[in-house]
Amino acid sequence: MSQEVRQIVRIGDTDLDGYKPVAYALTKIRGIGISTAYAICRYLGINPSIRLGQLDDETVRKLDWAVRNLNQFAPGWFVNRPKDPETGRNIHLLGADLVLAAKKDIDLMKKLRSWKGIRHNLGLKVRGQRTRTTGRLGLTVGVTKGKAAPGGGGGGGGGSK
């Protein structure tokens, strides 16, 4: 009855902890959240609370395929890159591809000089947040600390008259 648990399982080019439940272990892959992990487990018929290291090789292969090809069985609104600008298809990016796609999108906005691109270029907030009091960087401007008043002690009420 003692089944051996693998410590590290490689899925989606990421090393995952074999002692964690399948759903929570999958969230360590960039581009897979908890909802996506549960959806993958439901699609494959895997119990999401079983440890990842307890799965056999065939199930791990199926899990790897499902993570890499999520756009084939998930609806278009579920993937993280619906209607990709280059291909026009619904794709789901993982890991470094996701980071590079986001950087490429920001660079395109900068190149087109869109409002969001200008805000990115200036290092300001992009999504309409207020900037009067938040998002400040660097030293405090316009506030100087004056010398302490002579006489020490405060209160101002010396004695009785």
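The notes below deal with the structure included here.

### Section: the packing of helix α5 (residues 95–112) against helix α6 (residues 115–122)
Inference 1: The interhelical angle for the contact between α5 and α6, taken along N-to-C directions, is 105 degrees, at an axis separation of 7 Å. Here α5 lies roughly perpendicular to α6, going by the angle between them. Mapping the contact onto sequence places Ile106, Met109 and Lys110 in α5 and Lys116, Gly117, His120 and Asn121 in α6.
Inference 2: Classifying every residue of the contact of α5 with α6 by side-chain character gives two nonpolar, three polar and two charged.

### Overview of the packing of aromatic side chains
Inference 1: Under the counting rule described, the total for this entry stands at three aromatic pairs.
Inference 2: For the pair tryptophan 65 and phenylalanine 73, a centre-to-centre distance of 6.3 Å together with 25 degrees between the ring planes defines the contact as stacked.
Inference 3: An aromatic cluster of three or more residues is present, and its members are Tyr43, Trp65 and Phe73.

### Some words on unusual backbone geometry
Inference 1: At aspartate 13, a residue that is not glycine, the phi angle is positive and equals roughly 60 degrees.
Inference 2: Judged by relative accessible area, which is 52%, aspartate 13 ranks as exposed.
Inference 3: The phi torsion at lysine 83 lies on the positive side, around 50 degrees, for a residue other than glycine.
Inference 4: Judged by its relative accessible area of 65%, lysine 83 falls in the exposed class.

### Remarks on the pattern of salt bridges
Inference 1: Within this structure, the stated rule accounts for nine salt bridges.
Inference 2: With its nearest N and O atoms 2.8 Å apart, the salt bridge here joins arginine 10 to aspartate 15.
Inference 3: Take aspartate 15: its relative accessible area is 49%, and that puts it in the partly exposed class.
Inference 4: The salt bridge partner of aspartate 64 is arginine 68, with a shortest N-O separation of 3.1 Å. In this pair, aspartate 64 and arginine 68 are both assigned in helix α3 (residues 57–68), four residues apart and thus about one turn of the helix distant.
Inference 5: A single network of salt bridges, built from pairs that share partners, joins Asp13, Asp64 and Arg68.

### Section: the pairing of strand β1 (residues 8–11)
Along any regular strand, the residues point their side chains to alternate faces of the sheet.
Inference 1: Covered by surrounding structure in β1 are Val9 and Ile11 only, the residues Ile8 and Arg10 on the alternate face being uncovered.
Inference 2: As judged from the four bridges shared by β1 and strand β2 (residues 14–17), these two strands associate in the antiparallel manner. Paired with isoleucine 11 across the strands is threonine 14, a residue of β2.
Inference 3: As consecutive antiparallel partners, β1 and β2 are separated by two residues, and within that stretch glycine 12 has a phi angle of approximately 60 degrees, a positive value.

So, how was this worked out
Residues numbered from 1 in each chain as written. Predicted model: local features only at pLDDT ≥ 70, side-chain atom pairs only at ≥ 80, totals over all residues. Heavy atoms only, no water. Axes fitted to C-alpha atoms, helices over the stretch in contact; angles between N-to-C directions. Helix = DSSP H or I, 4+ residues; strand = E, 2+ residues; numbered from the N terminus. Parallel < 35°, antiparallel > 145°, perpendicular 65-115°, else oblique. Contact = heavy atoms within 4.5 Å. Nonpolar A, V, L, I, M, F, W, Y, C, P; charged D, E, K, R; others polar. Phe/Tyr/Trp six-rings, centres within 6.5 Å; stacked < 30°, edge-to-face > 60°. Buried < 20%, exposed > 50% of the residue type's maximum accessible area, 1.4 Å probe, protein only. Salt bridge = Lys/Arg side-chain N within 4 Å of Asp/Glu carboxyl O. Pairing = 2+ DSSP bridges.

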